[in-house]
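So you can see what is in the structure, the chains are spelled out below.
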Amino acid sequence: MYTIKGCLFDMDGVIVDTAKHHFTAWKALAEELSIPFTSKDNEALKGLGRLDSLEKILQLGNLELNSNTKLKLMENKNSLYLELVRSMSEEDILPGVCGLIEELKVKGIGVCLGSSSRNASIILKNIGLFNLFDGVVDGNHLTFSKPDPEVFIKGAKILELSPSNCVVFEDAVAGVEAAKSGGFFALGVGDHKELDNADAVVSDLSKMNFSKLLEIVNRND
Ligand code: BG6
Ligand code: MG
């Protein structure tokens with residue numbers, strides 16, 4: 001019987017749908033550099049940190065740039081992204097998320113954010129969820145981006161829990177890989193085929209609750 005003592009949530013794509021805003025902002029940058037960039041290319045950036053994402057886009061255009069130019073491009077991309085997410089509110093929280101987190105808290109389960117985004121705190125505050133988390137680990141606290149497990153290992157440390165007692169909720173292949181290599185139960189949220197490296201996959205969290213979660217992790221035991 002698997003004991004769940006903590007849950008670590010990725011933010012982009014699990015708590016809120018920000019992928020469309022990342023896409024708009026990266027697309028503007030790619031256009032400026034005359035690099036073709038499609039929504040499929042954007043899928044491959046899910047879960048990656050900002051610099052890793054930029055490097056992937058530059059690879060698409062076979063472009064090599066110096067660090068100062070890359071910094072400037074990332075600053076511009078982020079300013080546009082921040083403009084786009086500024087209007088986000090609690091209405092943008094994905095279905096089932098609030099109910100699940102509230103139930104976990106009532107049951108005494110530790111709840112932590114594990115996101116590659118440096119904008120996580122701003123977004124959590126905009127959607128009114130910041131205070132619900134026992135800990136927030138985001139891109140500002142990381143040396144290594146997903147698929148490295150650092151983000152979730154740091155989260156488990158904040159919760160003072162072993163990874164083997166924690167479930168990670170992830171929508172990205174890189175995030176699932178991070179959870180698996182850190183020794184967590186990786187629950188994929190999204191497409192079964194895309195996230196086939198996860199321990200289990202649900203299409204979304206709309207019907208998720210604690211007893212269902214226990215059933216899922218123990219089915220895989
Ligand atoms: C991840 C997103 O959560 O954060 C990526 O899935 C994004 O698409 C990354 O690039 C970094 O985000 P930010 O907000 O720090 O630019
Ligand atoms: Mg994500």
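The rules behind the values
In every chain, residue numbers begin from 1 and rise along the written sequence. Whichever chain is written first is A, and whichever ligand is written first is 1; the rest continue in order. Reporting of local features is limited, given that this is a predicted model, to residues whose pLDDT is at least 70; pairs of side-chain atoms are given and counted only at 80 or more, and all residues count toward the totals for whole chains, interfaces and linings. Computation of side-chain values covers all heavy atoms of the structure but excludes hydrogens and water. Secondary structure elements are defined from DSSP: runs of H or I of at least 4 residues count as helices, runs of E of at least 2 residues count as strands, and each element is numbered from the N terminus. Atoms counted for the radius of gyration: C-alpha only. Globule rule: 2.2 Å times residue count to the power 0.38. The buried label applies to any residue whose accessible area, calculated with a 1.4 Å probe on protein chains only, is under 20% of its type's maximum; exposed applies above 50%, and partly exposed to all values in between. Areas reported here follow the Shrake-Rupley algorithm with a probe of radius 1.4 Å; residue values treat only the protein chains shown as occluding. Residues counted as positive are Lys and Arg, residues counted as negative are Asp and Glu, and His and the chain ends are not counted. For this purpose, a charge sits on NZ of Lys, CZ of Arg, CG of Asp or CD of Glu. We call a residue near a molecule or strand as soon as one heavy atom of that residue lies within 4 Å of the molecule or strand. Side-chain atoms alone can form a polar contact between residues adjacent in sequence; in general such a contact is a pair of N or O atoms within 3.5 Å, and within protein one must be able to donate a hydrogen while the other accepts it. Residues are grouped as follows: Ala, Val, Leu, Ile, Met, Phe, Trp, Tyr, Cys and Pro are nonpolar; Asp, Glu, Lys and Arg are charged; all remaining types, including Gly, are polar.

1. Topic: the overall build of the chain
Point 1. The helix and strand inventory of the chain stands at nine helices and six strands.
Point 2. By the compact-globule yardstick of 17 Å for 221 residues, the chain fits well, its C-alpha radius of gyration being 17 Å.
Point 3. Across its three principal directions, the C-alpha atoms of the chain cover 55 × 30 × 30 Å.
Point 4. The 221 residues of the chain split such that 47% are buried.
Point 5. If you sum the accessible surface of the chain, you get close to 10,600 Å²; carbon and sulfur atoms cover 50% of it.
Point 6. The positive charge centre, built from 23 side chains, and the negative charge centre, built from 32, are 1 Å apart in the chain.

2. So, the site of ligand 1
Point 1. Close contacts around ligand 1 come from 15 residues, with D12, R50, S117, R118 and N119 the closest.
Point 2. Backbone polar atom of L48 to an oxygen atom of ligand 1: 3.2 Å apart, as the coordinates give it.
Point 3. At 2.8 Å, a side-chain N or O of R50 approaches an oxygen atom of ligand 1.
Point 4. A total of 390 Å² of accessible area belongs to ligand 1 in isolation, and the protein chains cover 96% of it.
Point 5. The residue makeup of the shell around ligand 1, split by class, is three nonpolar, seven polar and five charged.

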